[in-house]
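Observations on the three-dimensional arrangement
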Amino acid sequence: MAYNVLIVDDSPAMRSFVRRVLELSGIPVGQFLEAGDGQQALEVLHKQWVDVVLTDLNMPTMDGEQFVRHMEADESLRSIPVLVVSTDRTDQRVQQMLTLGAKGYVTKPFLPETLREELERALGDAHAGH
Amino acid sequence: MSAVVVGVADCRISADPESVLITYALGSCIAVLIHDPVSNVGGLLHFMLPESAIDREKAKQNPYMFADTGIPLLFRSAYREGADKRRLMVYAVGGAQVMDPANVFNIGKRNHLAMRKILWKAGLLVHGEEVGGTASRTVRLEVAGGRVLLRGAGEDERELPVSLHPRIGV
Amino acid sequence: MPVTEMEQVLSDAAAEVLETMFFTSLAEEGEPVPPITGPLVCPNLSFRGPCSGRLGLRIPLETGRQIAANFLGLEGSEVTQSQLQDVLCELSNMICGSVLSRLESGSIFELLHPEIGPGETAGSPAVSRTLALEDGVLEVWFQWEAAP
């Protein structure tokens, strides 16, 4: 069993960091997929099997909120767990994204171990959904 | 069970299931404890300071005094005894904010940060830690089974909770 | 907010971000702050929300290289120019987020994509703080613009 993970963030550095956390955490990753904004992410999701999505919120072209709304509105994507990873730590935003369907929310800056734990929880949901 | 005492600026590795590695009086110092649950190899490093650049001579005499020279040695010694990096559980205890003889505050915090930087660069995540605060701590690692038990001054001994589990062979 | 309080916000926000994800510690309090000299890397970004403004960093190249190496888990010599700029842009992004959450904890802001600038801000910055790091130095500056 290996997981396909999609990371959506306009910062290549951030995508590298997340990739490294995944590699160090022992979570078996099949494919590590990347997208720079919500629009690109939807294109990836319509072409590839993805088990979990990590997404930033502040991104050009299509931001994270719009992206998650699109995922929830699409029957083929709705069941894929989404973890938000963002600098925005307001209660209002966290609640909004969880209500929209995100399975977890990690605020930047974060410890690698924290991201690992949240991913494990989200992947637990991935197991349940399939 | 036989206790193997690890002193300040010291490091011990053991593959003996009867052994318990133990270190005392962790103030601003940090104990890095590692354990391979398959080969049952355990190690404990007790380091005092973050960077060896401040005293290269001392680091040559005793690399275990510093995080940047001690931590790599801890791991390499464990690999020689049969530990596998991919299986290693890694723990950290200590780094309290205490007045030390040189009167340098925040050494505990800087030790912790130095350790995190070195582990990240080496490709390792921490599976459990108790750092900071103001209390001095004692910690021990049971080589058979890998349990980590710690105690703050005046407290009962308790087990360190493990927050991450390595996913071996999934 | 008085200038010194604002400077403390910049300092606390930068410390939080640098220590958590960039494995970089600040120098001890009371240690002399080195001057910002030499070739610099200057990431900056705008934010919009109940108020708008800009935040930026001025970082000597060597300090920036070390910070990028720490973040990526590499040696300084292995960091490419592109990685350097991208990591420092992300640093400015996170510091901005942390500053705004300390100033306006209930408000949602949009942080625009950071970019590398020439190092001079348009007009003088409202507040800046130079921070001595264990190995280097950097400056954080912050500027409110008019409310929308």
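See above for the structure.
Below: a short report on this structure. All values reported here derive from a predicted model rather than from experimental measurement. (Residues numbered from 1 in each chain as written. Chains lettered and ligands numbered in written order. Predicted model: local features only at pLDDT ≥ 70, side-chain atom pairs only at ≥ 80, totals over all residues.)

**What about the nonpolar core?**
Grouped together as the largest cluster of nonpolar side chains are 122 residues, with contacts concentrated most on L6 of chain A, V32 and F47 of chain B together with L88 and I95 of chain C. For L88 of chain C, the residues in contact, after removing those within four places along its chain, are V41, P43, L57, I59, G64, I67 and A68 of chain C. (Core = buried A, V, L, I, M, F, W, Y, C linked by C-beta atoms within 7 Å. Buried ≥ 20, exposed ≤ 12 C-beta atoms within 10 Å, placed from the backbone. Contact = placed C-beta atoms within 7 Å.)

**A look at the interface of chain A and chain B**
Across the boundary between the two partners, chain A contributes ten residues, which contact ten residues of chain B. Of all the secondary-structure elements, those providing two or more residues to the side of chain A that touches chain B are α1 (12-25) and α5 (112-129) of chain A. The dominant element in the side of chain A that touches chain B, judged by the number of residues it contributes, is α5 of chain A, at four residues. Residue classes in the side of chain A that touches chain B are distributed as five nonpolar, two polar and three charged. (Helix = DSSP H or I, 4+ residues; strand = E, 2+ residues; numbered from the N terminus. Nonpolar A, V, L, I, M, F, W, Y, C, P; charged D, E, K, R; others polar.)

**A short note on the pairing of strand β5 (residues 104-107) of chain A**
All names here are of chain A. Two elements, strand β4 (residues 82-86) and β5, share four bridges in a ladder whose sense is parallel. Bridge assignment links S86 to a residue of β5, and that residue is T107. Following the chain from β4 across helix α4 (residues 91-100) to the adjacent parallel β5, one finds a crossover that is right-handed. (Pairing = 2+ DSSP bridges. Right-handed = clockwise from strand over helix to strand, strands pointing away.)

**So, the pairing of strand β9 (residues 148-152) of chain B**
Residues and elements named next belong to chain B. Two elements, strand β8 (residues 137-142) and β9, share five bridges in a ladder whose sense is antiparallel. Pairing of V139 across the sheet is with L150, part of β9. Count of turn residues in the β9/strand β10 (residues 158-159) antiparallel hairpin: five residues, of which G154 carries a positive phi of about 80°.

**Overview of the packing of helix α2 (residues 67-80) of chain B against helix α3 (residues 107-122) of chain B**
The description of two helices packed together rests on the angle between their axes and the distance between the axes. All names here are of chain B. As a packed pair, α2 and α3 sit with axes 10 Å apart at the nearest point and diverge in direction by 45°. It follows from the interaxial angle that α2 and α3 lie oblique. Once α2 is placed against α3, the crossing between them reads as right-handed. Note on element contacts: α3 touches α2 through N111, A114, M115 and I118, opposite A67, D68 and I71. Looking at side-chain class alone, the contact of α2 with α3 contains five nonpolar, one polar and one charged residues. (Axes fitted to C-alpha atoms, helices over the stretch in contact; angles between N-to-C directions. Parallel < 35°, antiparallel > 145°, perpendicular 65-115°, else oblique. Left-handed = near helix turned anticlockwise from the far one by under 90°.)

**Considerations on unusual backbone geometry**
All names here are of chain A. Of note, the bond from K108 into P109 is cis; its omega dihedral lies within 30 degrees of zero at 0°. Position of P109 relative to the elements: it lies in the loop between β5 and α5. In this model, T61 sits at a positive phi of 70°, which is unusual for a non-glycine residue. Structurally, T61 is set in the loop between β3 (52-55) and α3 (64-73). What makes T61 exposed here is the crowd of 12 C-beta atoms within 10 Å.

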